[in-house]
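Architecture at a glance
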Amino acid sequence: MLSQLRDIVEHVSKVENVHAALEILVQQTCAAMHTECCTIYLANNDKQRLELMATQGLTFKGDTIHISFNEGLVGLVKRTAEPINLAEAAKHPAFKFFPQLGEGIYHSFLGTPIIHRKQVLGVLVIQQKTSRQFSEMEESFLVTLAAQIAVLIAHATAQGHGFFDDNKTAVIKGIGASSGIAIGPIWWDNTQPDLNNVFPASALDIAREHETLSVAIENALADFKRMRKKLDLELNKDALAIFDLFTHLLNDPMLRNDLKAQIQKGDKADWALRQVVESYANRFARMSDVYMRERAQDVKELGQRLLFFLHHTEQPIHEFNEPVILVVRELTASILASVPKEQLLAVVSLEGAANSHAAILSRAMGIPAVMGVNTNPERLSGKIGIVDGYSGEIFPDPSSELLLEYQELVTEETELSRMVEQTVDLEGCTSDGRRIQILLNAGLSADTSISLNRNVDGVGLYRTEISFLLQQQFPSEEEQVHQYRSVLGAYPTKRVVMRTLDIGGDKPLPYLPIDEDNPFLGWRGIRFTLDHPDIFLIQLRAMLRASEGLDNLSILLPMVSSVQELDGATALIEQAYQEVSTEHPKVKRPEIGVMIEVPSMLYLLPFMAQKVNFVSVGTNDLTQYLLAVDRNNAQVADIYETLHPSVLAAMKHIFETCQSYHLPVCICGELAGDPIGALLLVGLGYDTLSMNTSNVAKVKYLLRQTSQQELKLLADKALMQPYGETIYNQMRDYFEDKGLAGFIRAGKS
Ligand code: PEP
Ligand code: MG
């Protein structure tokens, strides 16, 4: 049975045309299950009906057959999302006879829903002339088959294959990660360098070329592993095999030795790669066995991928003739940092989710973004498209009506931002006069706009990673002093909270590959820096030296999960201070704070209160670790709930504990800059919010429309709710009542 199942799925998945694939599915299912009739219906949600897509055994006249969601046994399977197994279908109360289907000859009926991510996509039915109940084995066969077919159907839909003949604009769905709307040409960033364009070049430093090669090999292997894992979930066997083959080839000592030998002769790594790959490919191409001959292409593709990793760290600067909607495989902070902002209308990433660092950065830059999009980017490239950063929808080749609708929304958006800009210079304050400190989150981009943010009360979070990510090695102490001084100097009279290096997770350093199964639970943030006091001390000294004469530096420690880690870090800060103050006696001891982003910290707050000057809540990671949901994984994005009742309860606990220990607390996660989040947090009692520059004006405006008393009532009501969705709905109603719905527009559809 198992092998039959695999055969059917494999066979069906290989057929390009989806309609032909469904025909094959019903034929092969009949054969495997020794039954006379198999039919697949797909749900057309717009029309609330199931459409017959392919059948073996039913005869009907006319073009299309459909069954309403409320009709017959097939409708019942769809509604209940459960299989129905009947020896005598006609006796069931829900049975409805469809004379046009010619099913009068069948007695037994087994129908099973086709479900993908909780959604019933259709119904798969087998019928038989003899009256008999299908066995448990048969039932589980059909259920398993339907589960696998569901993946193929969802994939085909995501790739833009329309199953129904209505001429609606196709829509591709992803996760809305940065609000806003963009209309313009779509550009697929396929900047993979071409092996054919690599020409003879000698190495200036042979040892360095060896090093570059081995880093590229490690990065490529890690990438293959990641891709393999991803494809495993999607049942894409052919693609899986290719990554296995790549891994195998790349681990082959002969290939590695040949590459090394070529570099040793004095060639640059990429030129060595081209020569070795070509000689291998030629060797395969000359073989008599057809299978082996085809491997020549694989070797070339491997070479191509390796070349990408050889060049990857060089961060090509993208140049476009006009502003574009940029589609990339994986949006990284580095890509965003290296493309001029005015050239980006929106970004679309095949991987990632709403709180990956790249998504945060796109919000900071005010660029609409959609993440985790399952589509074939080649099909989008060159088309005009609409990106809806609220709903996560992308419309390639939109109809003129849709275009018009979205153009109106763009106008509304522009008006909204003009309106909020009017109060941006005023201080953060509720309508009844409660002062709220509005701080800036900065640093994810190598942004120079930091000096433009005069209308904030200081910098609540300066992420220091980006200069480490954009380079080919750790930046020197001098380079860091220079960079930090420019930030501290931009706010001479205000406090600047600089966070120490938080790499790992979704911010691996290109020159220090870390291969972990669970990078977010691994060697990240303070864990890395405590293991590398050399790197940590350089950064601390640089921060301290940069603060000389300005005295506005506070140091924030990321990913702390225990008191030992804090003790270790404070000892190193003290050491750095002693070292710096001998040469620069005027340098002041900075205030020290910890991020509250690992749940263990909720229970350590009383101890922390004795050891630090302040805390800052990182709701992005706190949500990820509290709910055990990878913030970067599109697959589970719908359960990464920023308004989850436990997140709110945790926020309340943190606020109250900090109050009782007189420990200053700020929120620097994305929740603080989110219109709903900001109001709820103020309602909970918080008075210091740190956010991306693009949210400052909005949040200030909203605060002025609401009183502290109102917000407290809202927060108290939210704390009583068991579902995040109810909390969201309550807040949405509140925004609507106050005429503020434009701030949380949840998409068009
Ligand atoms: C957070 O986790 O909320 C945070 C502010 O840090 P980062 O997003 O950089 O992990
Ligand atoms: Mg964090």
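Residues numbered from 1 in each chain as written. Chains lettered and ligands numbered in written order. Predicted model: local features only at pLDDT ≥ 70, side-chain atom pairs only at ≥ 80, totals over all residues. Heavy atoms only, no water.

1. Things to note about the overall build of the protein
- Looking only at helices and strands, one finds 25 helices and 22 strands in the protein.
- Computed over C-alpha atoms, the radius of gyration of the protein comes to 29 Å, within 12% of the 27 Å expected from 2.2 N^0.38 for 749 residues, which places it in the range of a compact globule.
- Each principal axis of the C-alpha atoms in the protein carries an extent, and together these give about 95 × 75 × 50 Å.
- Sequence-distant contacts, at least 24 apart, represent 67% of the contacts inside the protein between residues at least 6 apart.
- Taken as a whole, the protein presents about 32800 Å² of accessible surface, with 52% of it coming from carbon and sulfur.
- Taking the average location of the 67 positive side-chain charges in the protein and that of its 93 negative ones, the two points are 1 Å from each other. (Helix = DSSP H or I, 4+ residues; strand = E, 2+ residues; numbered from the N terminus. Rg over C-alpha atoms; globule rule 2.2 N^0.38 Å. Contact = heavy atoms within 4.5 Å. Areas by Shrake-Rupley, 256 points an atom, 1.4 Å probe, with all protein chains shown as cover. Lys, Arg positive; Asp, Glu negative; His and termini not counted. Charge placed at Lys NZ, Arg CZ, Asp CG, Glu CD.)

2. Describing empty space enclosed by the protein
- Across all of its chains, the model carries four cavities of 30 Å³ or more by this definition.
- Volume-wise, the largest cavity comes out at about 110 Å³.
- Contributing to the lining of the largest cavity are 15 residues, with Leu-73, Val-74, Lys-96, Glu-103 and Phe-109 lying nearest its centre.
- A per-class count over the lining of the largest cavity returns 10 nonpolar, two polar and three charged. (1 Å grid on protein atoms, 1.4 Å probe; cavity = no way out; pocket = protein on both sides within 12 Å on 5 of 7 lines; lining within 4 Å. Points joined across faces, edges and corners; volume = space filled by probe spheres on them. Nonpolar A, V, L, I, M, F, W, Y, C, P; charged D, E, K, R; others polar.)

3. Overview of the domain arrangement of the protein
- Split by domain assignment, the protein resolves into domain 1 (1-159), domain 2 (172-189 + 318-402), domain 3 (195-312) and domain 4 (429-743).
- In this structure, domain 2 and domain 4 have C-alpha centres spaced 26 Å apart.
- Contacts between the two partners involve 17 residues from domain 2, matched on the other side by 22 residues from domain 4.
- When the two sides are added together, the surface that domain 2 and domain 4 hide from each other amounts to roughly 1600 Å², 60% of it contributed by carbon and sulfur.
- Its largest share of buried area at the contact with domain 4, domain 2 owes to Asn-355, His-357 and Ile-360, together 38% of the area lost on that side.
- Seen at the junction of domain 2 and domain 4, the total is two residue pairs in polar contact (both at pLDDT 80 or more). (Domains from an automatic or database assignment. Buried area = accessible area lost by both parts, 1.4 Å probe. Polar contact = N/O pair within 3.5 Å; in protein donor to acceptor, adjacent residues only side chain to side chain.)

4. So, the coordination of the magnesium ion (ligand 2)
- Glu-597 (OE) and Asp-621 (OD) make up the full set of protein donors to the magnesium ion (ligand 2), lying at 2.0 to 2.1 Å. Here Glu-597, found in the loop between β19 (591-596) and α19 (600-611), pairs with Asp-621, found in helix α20 (residues 619-627); they are 24 residues apart in sequence, far enough to count as distant. The same class applies to Glu-597 as to Asp-621, namely buried. (Donors = N, O, S within 2.8 Å, 3.2 Å for Na, K, Ca; no water. Buried < 20%, exposed > 50% of the residue type's maximum accessible area, 1.4 Å probe, protein only.)

5. Topic: the site of ligand 1
- Neighbouring residues of ligand 1: 17 residues in total, closest Arg-463, Arg-499, Gly-618, Asn-620 and Arg-631.
- In the environment of ligand 1, an oxygen atom lies 3.2 Å from a nitrogen or oxygen atom belonging to the side chain of Arg-524.
- At 2.9 Å, a side-chain N or O of Glu-597 approaches an oxygen atom of ligand 1.
- Protein coverage of the free-state accessible area of ligand 1, which is 290 Å², stands at 100%.
- In this structure the site holding ligand 1 corresponds to the second largest cavity.
- With three residues, the single largest contributor to the shell around ligand 1 is α20.
- Grouping the constituent residues of the shell around ligand 1 by class yields four nonpolar, five polar and eight charged. (Near = heavy atom within 4 Å. Sits in = over half its atoms within 2 Å of the grid points.)

6. Examining the packing of helix α15 (residues 477-490) against helix α17 (residues 533-546)
- Contact pair α15 / α17: the axes reach a minimum separation of 8 Å and the direction vectors enclose 45°. In this view, α15 runs oblique relative to α17, as classed from their interaxial angle. The chirality of how α15 crosses α17 is right-handed. Contacts from Glu-477, Glu-478, Gln-480, Val-481, Tyr-484, Arg-485 and Leu-488 in α15 reach Ile-538, Gln-539, Arg-541, Ala-542, Met-543, Arg-545 and Ala-546 in α17.
- The residue inventory of the contact of α15 with α17, partitioned by class, reads seven nonpolar, two polar and five charged. (Axes fitted to C-alpha atoms, helices over the stretch in contact; angles between N-to-C directions. Parallel < 35°, antiparallel > 145°, perpendicular 65-115°, else oblique. Left-handed = near helix turned anticlockwise from the far one by under 90°.)

7. Examining the sheet that holds strand β4 (residues 84-86)
- Strands sit in the order β3-β2-β1-β6-β5-β4 across an open sheet of six strands; the sheet is antiparallel. Among the strands making up the open sheet, the edge pair consists of β3 (66-68) and β4. For this sheet, the mean inter-axis angle between neighbouring strands, taken without regard to orientation, is 20°.
- Two elements, strand β1 (residues 37-44) and strand β2 (residues 49-56), share seven bridges in a ladder whose sense is antiparallel. (Pairing = 2+ DSSP bridges.)

8. Quick look at α19
- In this model, α19 (12 residues) spans 16 Å end to end at C-alpha, consistent with the 16 Å of a helix rising 1.5 Å per residue.
- Those residues of α19 lying buried are Met-601, Leu-602, Leu-604, Leu-605 and Met-608. Projected down its long axis, α19 carries its buried residues within an arc of 165°, all on one side. Projecting away from the buried face of α19 at angles above 90 degrees are the exposed residues Tyr-603 and Gln-610.
- In this structure, the buried residues of α19 make contact with α18 (563-583), β19, β20 (614-617), α20 and α21 (645-660). (Expected span 1.5 Å × (residues − 1). Arc of directions from axis to C-beta.)

9. Looking at the pattern of salt bridges
- With the rule as written, the count across this model stands at 28 salt bridges.
- The closest approach of N and O atoms between Arg-363 and Glu-670, which form a salt bridge, is 2.7 Å. Taken together, the residues span a long stretch of sequence, with Arg-363 in helix α11 (residues 357-365) and Glu-670 in the loop between β21 (665-667) and α22 (675-684) at a distance of 307 residues.
- Assessed through its relative accessible area of 17%, Arg-363 is described here as buried.
- Put simply, Asp-567 and Lys-611 hold a salt bridge, and the shortest N to O gap is 3.0 Å. With Asp-567 in helix α18 and Lys-611 in helix α19, this pair connects stretches of sequence that are 44 residues apart.
- Here Lys-611 falls in the partly exposed class, since its relative accessible area comes to 40%.
- One salt-bridge network, held together by shared partners, links Glu-465, Arg-499, Asp-502, Lys-507, Arg-524, Asp-621 and Arg-631. (Salt bridge = Lys/Arg side-chain N within 4 Å of Asp/Glu carboxyl O.)

10. Focus on the packing of aromatic side chains
- Under the definition given, this model contains seven aromatic pairs.
- Judged by centre distance (5.6 Å) and plane angle (50°), the ring pair of Phe-395 and Tyr-406 falls under tilted. In this pair, Phe-395 is assigned in strand β14 (residues 393-396) and Tyr-406 in helix α13 (residues 400-421), connecting sequence segments 11 residues apart.
- Given the relative accessible area of 8%, Phe-395 is considered buried.
- Exposure remark for Tyr-406: the relative accessible area of 0% places this residue in the buried category.
- In this structure, Arg-283 is placed above the aromatic ring of Tyr-280, and the distance from its NZ or CZ to the ring centre is 4.7 Å.
- Here Arg-495 stacks its cationic end above the ring of Phe-614, 4.5 Å away from the centre of that ring. (Phe/Tyr/Trp six-rings, centres within 6.5 Å; stacked < 30°, edge-to-face > 60°. Lys NZ or Arg CZ within 6 Å of the ring centre and 35° of its normal.)

11. Focus: the packing of α22 against helix α25 (residues 724-737)
- As a packed pair, α22 and α25 sit with axes 11 Å apart at the nearest point and diverge in direction by 95°. Accordingly, the angle class assigned to the pair α22 and α25 is roughly perpendicular. Counted together, Pro-675, Ile-676, Leu-679 and Leu-680 of α22 and Ile-727, Tyr-728, Met-731, Tyr-734 and Phe-735 of α25 form the full contact between these two elements.

12. Observations regarding the pairing of β19
- In terms of residue burial, β19 counts as a mostly covered element, since five of its six residues are buried.
- As defined by bridge partners, strand β18 (residues 553-557) adjoins β19 across four bridges and the pair is classed as parallel. Across the sheet, Ser-554 pairs through a bridge with Glu-591, a residue of β19.
- Tracing the backbone out of β18, into α18 and back to the parallel element β19 gives a crossover that is right-handed.
- Chirality of the crossover, the property in question, places the unit of β19, α19 and β20 among those that are right-handed. (Right-handed = clockwise from strand over helix to strand, strands pointing away.)

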